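Examination of the molecular architecture
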Amino acid sequence: MREVWNNSKTRRYGLVSSLLNLIYPSSCPFCKNSSDNHKHSPICSECWQNIKIYTGPSCSICAAPLVSEYSTICQECIEQRPRFSKVLNYGIYADVLAEAIHLMKFSKLRRLANALGSLFFELSIPRYDGIVPVPLSANSLKARGFNQSLLISRVLSKKLRIPIYIDMLFKTRETLPQIGLNAKERIKNLRGSFEAKKINGLRLLLVDDVMTTGATARECSKVLVKAGAEDVIVVTLARPSRM
């Protein structure tokens, strides 16, 4: 009976997607064919299937992709161990995955948050005490109109059935854009820009869309642990292939 219901639900969703694509036609930015699924439109289903989980060698702490499969920890984590215990990262920030994240953030296609957040279901994420989305500053939130980390956190929260804490971690001052800064400059730029409320030994999942050098995750986890978090695991959609 459940299988019949699921098939019926899938057919109804397909009809709705077809109707929406007729009303709001769009072409896939990769293959230029018509988009066929409103859930991840304008990216078509065939191109969306090219988004794959990264299974290559990576740092066991920060999940940075490594060149050799015999390496286990990156140089940065050896030199300065972060306050988070580990990073659970889905894929490489390139091609379809990068485009989908970019469309969500900068073209304001919020519906992509559901499709992108669902990618987390392929990761072995523990059921911790709560989820903390990486916050934006007040001005950045006002300019964008939403926090993409919060949107994908909601998908994860619903799946794991654990609460989201949106009033636990704050970005209290404006910082320079991280783009164009090296790792050391990013750390310096973010230092002292986050604050957290008192935390009574909670184990937290810190969620962000993209982890580049890891400066944001390091600063946020440091503040959370200092405020009393027992453990912090970072969950992110993508990391660049090379730093």
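Residues numbered from 1 in each chain as written. Predicted model: local features only at pLDDT ≥ 70, side-chain atom pairs only at ≥ 80, totals over all residues. Heavy atoms only, no water.

Structural notes on the pairing of strand 5 (residues 203–210)
Inclusion rule: The rule is simple: take the accessible area with a 1.4 Å probe, protein chains only, and divide by the maximum for that residue type; under 20% is buried, over 50% is exposed, in between is partly exposed. Strands are runs of DSSP state E lasting at least 2 residues, helices are runs of H or I lasting at least 4, and numbering of each runs from the N terminus. Each pair of strands is called paired provided DSSP finds at least two bridges between the two strands.
With seven of eight residues buried, strand 5 lies mostly within the body of the structure. Pairing between strand 2 (residues 130–133) and strand 5: four bridges, direction parallel. Its bridge partner lying in strand 5, P133 is registered against V207. The pairing of strand 5 with strand 6 (residues 231–239) spans seven bridges and is classified as parallel. Counterpart to D208 in the pairing with strand 6 is T236.

Let's talk about the sheet that holds strand 1 (residues 86–92)
Going by this rule: With axes taken as lines fitted to C-alpha atoms, and helix axes fitted only over the stretch in contact, angles between N-to-C directions fall between 0 and 180 degrees. We call two residues in contact when some of their heavy atoms are within 4.5 Å.
One open sheet accounts for four strands, arranged 1-6-5-2; its pairing is parallel. Looking at the sheet topology across the chains shown, the edges are occupied by strand 1 and strand 2. For this sheet, the mean inter-axis angle between neighbouring strands, taken without regard to orientation, is 20 degrees. Against the sheet, helix 4 (residues 95–106) engages strand 1, strand 5 and strand 6, with an angle of about 105 degrees to strand 6. Each of strand 5 and strand 6 is contacted by helix 9 (residues 215–226), which is oriented at about 160 degrees to strand 5, the strand it contacts most.

Describing the packing of aromatic side chains
Rules: Aromatic rings from Phe, Tyr and Trp, taking only the six-membered ring of Trp, are treated as a pair when their centres fall within 6.5 Å; an angle between ring planes under 30 degrees marks them as stacked, one over 60 as edge-to-face, and anything in between as tilted. Each ring is checked for a lysine NZ or an arginine CZ that lies within 6 Å of its centre and within 35 degrees of its normal; such an atom marks a charge sitting over the ring.
According to the stated counting rule, one finds zero aromatic pairs in the structure shown. Here the basic side chain of K159 rests over the ring of F121, its NZ or CZ set 5.0 Å away from the ring centre. Above the face of the Y128 ring, R203 is positioned so that its terminal group lies 4.7 Å from the ring centre.

Quick notes on unusual backbone geometry
Here the residue pair S41 and P42 is connected by a cis peptide bond, since its omega of 10 degrees sits within 30 degrees of zero. With respect to the helices, strands and loops of the structure, P42 is situated in the loop between helix 1 (2–23) and helix 2 (45–48). We note that K32 has phi near 70 degrees; this positive angle belongs to a residue other than glycine. With respect to the element layout, K32 can be found in the loop between helix 1 and helix 2. When its relative accessible area of 58% is taken as the criterion, K32 is described as exposed. The phi dihedral of A63 is positive, around 65 degrees, even though this residue is not glycine. Tracing the chain through its elements places A63 in the loop between helix 2 and helix 3 (75–79).

A short note on the nonpolar core
For the record, the criterion: Buried residues of nine kinds, namely Ala, Val, Leu, Ile, Met, Phe, Trp, Tyr and Cys, make up a nonpolar core once their side-chain atoms join them within 4.5 Å.
Among the nonpolar cores identified, the biggest contains 38 residues, and L116, F120, I125, L156, L205 and V235 are the most heavily contacted of them. Within the residue set of this core, elements represented by two or more residues are helix 2, strand 1, helix 4, helix 5 (112–118), helix 7 (148–160), strand 5 and strand 6. Broken down by element, the residue count for this core peaks at six residues, all from helix 4. Setting aside residues no more than four positions away along its own chain, I125 makes contact with L88, F120, L156, L160, L205 and V235. Core analysis: the next-biggest nonpolar cluster, separate from the first, contains 30 residues, L66, C74, F194 and V234 among them.

Some words on the pattern of salt bridges
Any two side chains of opposite charge can pair if their charged atoms end up close together. The line we're drawing: When a carboxyl oxygen of Asp or Glu lies within 4 Å of a side-chain nitrogen of Lys or Arg, that pair is called a salt bridge.
Applying the stated criterion across every chain yields a total of four salt bridges. For the salt bridge of R218 with E76, the shortest nitrogen-to-oxygen distance reads 3.5 Å. One end of the pair, R218, is in helix 9; the other, E76, is in helix 3, and 142 residues separate them in sequence. Among the residues examined, R218 registers a relative accessible area of 12% and is labelled buried.

By themselves, these figures tell us nothing about what the structure is for.
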